[in-house]
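So you can see what is in the structure, the chains are spelled out below.
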Amino acid sequence: MWVKKTSLFTLRDAVIERWRDKPAIIFGTWRVNRPLGTAARLIWDTKGTLGMGDLSIPWKPSDQEIYIIGSGFTGRRTSNVLCFAPVQASAKNGRVHPHQKPVPLLLDLLRKCLAGTIADPFAGSGSTLVAAKSLGRRAIGIEIDERYCEIAARRCAQEYLPLFGDDHVGWTKDGAS
Ligand SMILES: C[S@@+](CC[C@H](N)C(=O)[O-])C[C@H]1O[C@@H](n2cnc3c(N)ncnc32)[C@H](O)[C@@H]1O
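A quick note: this is a predicted structure, and the numbers were derived from the prediction, not measured. (Residues numbered from 1 in each chain as written. Predicted model: local features only at pLDDT ≥ 70, side-chain atom pairs only at ≥ 80, totals over all residues.)

Colleague: I keep staring at the overall build of the protein chain and nothing clicks. Help me out?
Modeller: Scanning the protein chain from N- to C-terminus turns up four helices and eight strands. Traced from its N-terminal end to its C-terminal end, the protein chain shows the element sequence α-β-β-β-β-α-β-α-β-α-β-β. In the protein chain, which comprises 177 residues, the share counted as buried stands at 24%. Contacts in the protein chain between residues far apart in sequence, at least 24 positions, make up 61% of those at least 6 positions apart. (Helix = DSSP H or I, 4+ residues; strand = E, 2+ residues; numbered from the N terminus. Buried ≥ 20, exposed ≤ 12 C-beta atoms within 10 Å, placed from the backbone. Contact = placed C-beta atoms within 7 Å.)

The following block contains the structure:
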């Protein structure tokens, strides 16, 4: 899909438009305007840095925003601050994608999604698909970069073992996940 990318209307917004009123969970940043129809904003507290950030100010980034759109979510009410370690680049069996999300965080998010197929139109290394598979959910991933398609397929073919796999075990303010 080709979309004229401006700071006001991004590829993300084009996908959301076509997604219509189905529920969506979208990772984002305060640097880009929030998607239209955002019903709630979660904060992913990464506990560590996510990149260097602006070195001229005495704060370093350790969070990311997650936008909730539409209805179709369920489960126990928990804090909107989700504390999960990021996937470390330097760790043994570390990151395979520069923007790889930790599977424990995705498990936490997907557990709140009502029954149905999970779709990730920007699947990257397939973390959403791995999480969906481990919850016994059907999932569809779309990824433009063939290298990442192969990585995602390989990860999906493996069993997900939180303690010894390619992610770090997460923790939440409500207890270990
Ligand atoms: C933020 S990353 C996703 C990372 C993923 N959540 C993970 O854990 O590995 C976004 C991905 O979207 C892909 N992408 C960008 N434009 C795309 C498009 N038009 N269609 C499909 N995938 C696209 C990029 O190649 C990139 O791998």
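Colleague: Teacher, can you tell me more about the pairing of strand β3 (residues 63-69) here?
Modeller: The side chains of a regular strand alternate, residue by residue, between the two faces of the sheet. Summarising the sheet, strand β1 (residues 24-28) and β3 pair through five bridges and their orientation is antiparallel. Directly across from G28, in β3, lies its bridge partner E65. Here seven bridges tie strand β2 (residues 38-45) to β3, and the two strands are oriented antiparallel to one another. Looking across to β3, one finds that A40 is bridged to I68. (Pairing = 2+ DSSP bridges.)

Colleague: What exactly am I supposed to notice about the site of the ligand here?
Modeller: Surrounding the ligand, one finds 14 residues, the nearest of these being H99, F122, G124, S125 and S127. Here the residues of the shell around the ligand sort into five nonpolar, six polar and three charged. (Near = placed C-beta within 6 Å. Nonpolar A, V, L, I, M, F, W, Y, C, P; charged D, E, K, R; others polar.)

Colleague: Honestly, the sheet that holds strand β4 (residues 81-83) in this entry has me stumped. Any pointers?
Modeller: Sheet strands associate in pairs through backbone hydrogen bonding, adopting either a parallel or an antiparallel arrangement. Strand order in the open sheet made by the four strands is β1-β3-β2-β4, with mixed pairing throughout. Strands with a single pairing partner mark the edges of an open sheet, and in this sheet they are β1 and β4. Taking the axes of each pair of neighbouring strands and ignoring which way they run, one obtains an average angle of 30 degrees across the sheet. (Axes fitted to C-alpha atoms, helices over the stretch in contact; angles between N-to-C directions.)

Colleague: In this structure, what is going on with unusual backbone geometry? I would like to understand it.
Modeller: Peptide bonds are trans in most cases, and residues, glycine excluded, mostly fall at negative phi. The backbone of R20 shows a phi angle near 60 degrees, a positive value even though the residue is not glycine. Turning to its location among the elements, R20 is positioned in the loop between α1 (11-19) and β1.

Colleague: I'm lost on helix α4 (residues 146-157) in this one. Help?
Modeller: In an α-helix, one turn spans 3.6 residues; hence positions three or four apart end up facing the same way. Taking 1.5 Å per residue as the helical rise, α4 with its twelve residues ought to reach 16 Å, and the 17 Å between its terminal C-alpha atoms agrees with that figure. Among the residues of α4, I151, A152 and R155 are the ones counted as buried. Viewed end-on, α4 has its buried residues packed into an arc of 100 degrees, placing them on one side of the element. Exposed positions of α4 whose direction lies more than 90 degrees from the buried face are E146, R154 and A157. (Expected span 1.5 Å × (residues − 1). Arc of directions from axis to C-beta.)

Colleague: Explain the confidence of the model for the protein chain here, please?
Modeller: Any region with low pLDDT has predicted coordinates that should not be read closely. Confidence along the protein chain averages 86 in pLDDT terms, with 83% of residues attaining 70 or more. Throughout residues 164-177 the model reports pLDDT below 50, and contacts reaching past four residues in sequence, or to other chains, amount to 37 contacts. (pLDDT = per-residue confidence, 0-100.)

Colleague: Help me understand the packing of helix α2 (residues 103-110) against helix α3 (residues 127-134), please; the structure alone is not making it clear to me.
Modeller: Packed helix pairs are specified by the crossing angle of their axes together with the interaxial distance, meaning the distance between the axes. Interhelical geometry of α2 versus α3 gives an angle of 60 degrees and a closest axis separation of 9 Å. In terms of orientation, α2 and α3 fall into the oblique class. Between α2 and α3 lies a crossing of right-handed hand. Contacts between α2 and α3 involve V103, L106, L107 and L110 on the former and, on the latter, S127, T128, V130, A131, A132 and S134. Across the contact of α2 with α3, the residue classes tally to seven nonpolar, three polar and no charged. (Parallel < 35°, antiparallel > 145°, perpendicular 65-115°, else oblique. Left-handed = near helix turned anticlockwise from the far one by under 90°.)

Colleague: Sorry if this is basic, but what is going on with the nonpolar core here?
Modeller: When a protein is soluble and globular, its nonpolar side chains tend to lie buried together. By size, the foremost hydrophobic cluster in this structure holds 21 residues, and its most contacted members are W44, L82, V103, L105, L106, L129 and A131. Every element with two or more residues in this core is listed here: β2, β3, α2, α3 and α4. Ranked by residue count, the leading element in this core is α2, at five residues. (Core = buried A, V, L, I, M, F, W, Y, C linked by C-beta atoms within 7 Å.)

Colleague: How do you make sense of the packing of α3 against α4 when you look at a structure like this?
Modeller: Between α3 and α4, the shortest axis-to-axis distance is 9 Å and the interhelical angle comes to 20 degrees. One element, α3, and the other, α4, form an angle in the roughly parallel class. For the pair α3 and α4, the crossing hand works out as right-handed. Where α3 abuts α4, its residues L129, V130 and K133 lie against A152, R155 and C156. Class assignment for the residues of the contact of α3 with α4 results in four nonpolar, no polar and two charged.

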